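A look at the structure
One letter stands for each residue in the lines below.
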Amino acid sequence: MGRAYNKRRIGAEKEQKAGIYLTEQGYEIVKYNFRCRLGEIDIIARDGDYLVFCEVKYRSGSVSGHPLEAVDIRKQQVLSKCAFYYLTVNRLQDVPCRFDVVSVTDEEIRVIKNAFEYLGGY
């Protein structure tokens, strides 16, 4: 169990913390941890007219870099594919969407709205 379990537990705690923060900012949480065969989306929420796919990144210190740096092009592609799948399965193709990144550190939570553009289909 050990280290992997602990990382998952910490990740889940930070995602919940991010969800509370997003709710305080006016978002409505639709789903935590949407999983499909293509990957996972940490939080799906509504912000006004937008359906928002949120990636939560946590860092306890600066040794591993800033959390926003962890959402590289490969992660963006995975999130894009998962979002496309979610929209297709739920017949939401005409809903305006965006991708936000929620940066969680021990000092602060920041939301980068529209952090990246959709990167291709399914």
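What comes next is a walk through the structure. (Residues numbered from 1 in each chain as written. Predicted model: local features only at pLDDT ≥ 70, side-chain atom pairs only at ≥ 80, totals over all residues. Heavy atoms only, no water.)

A closer look at the pairing of strand β3 (residues 50-59)
In terms of burial, β3 is a largely internal element, seven of the ten residues being buried. The sheet contact formed by strand β2 (residues 39-47) and β3 spans five bridges and is antiparallel. Within the sheet, the bridge partner assigned to aspartate 47 lies in β3 and is tyrosine 50. In textbook terms, the turn of a hairpin is the stretch between consecutive antiparallel strands, and for β2 and β3 this stretch comprises two residues, one of which, glycine 48, has a positive phi near 65°. Here nine bridges tie β3 to strand β4 (residues 97-105), and the two strands are oriented parallel to one another. Note on β4: the bridge partner recorded for valine 52 is arginine 98. (Buried < 20%, exposed > 50% of the residue type's maximum accessible area, 1.4 Å probe, protein only. Helix = DSSP H or I, 4+ residues; strand = E, 2+ residues; numbered from the N terminus. Pairing = 2+ DSSP bridges.)

Some thoughts on the sheet that holds β4
Backbone hydrogen bonds hold the strands of a sheet together, and the pairing may be parallel or antiparallel. The strand order β1-β2-β3-β4-β5 describes an open sheet built from five strands, whose pairing is mixed. The open sheet has two free edges, formed respectively by β1 (28-36) and β5 (109-116), since each of these has just one partner strand. Going from strand to strand, the sheet's axes swing by 30° on average, the running direction of each strand aside. (Axes fitted to C-alpha atoms, helices over the stretch in contact; angles between N-to-C directions.)

As for unusual backbone geometry
Not every positive phi belongs to a glycine, and asparagine 33 is a case in point at roughly 50°. Its location among the elements puts asparagine 33 in strand β1. By relative accessible area, which is 23% here, asparagine 33 ends up partly exposed. In this model, arginine 91 sits at a positive phi of 50°, which is unusual for a non-glycine residue. Its location among the elements puts arginine 91 in the loop between α2 (73-89) and β4. Arginine 91 gets classed as exposed once you look at its relative accessible area, which sits at 73%.

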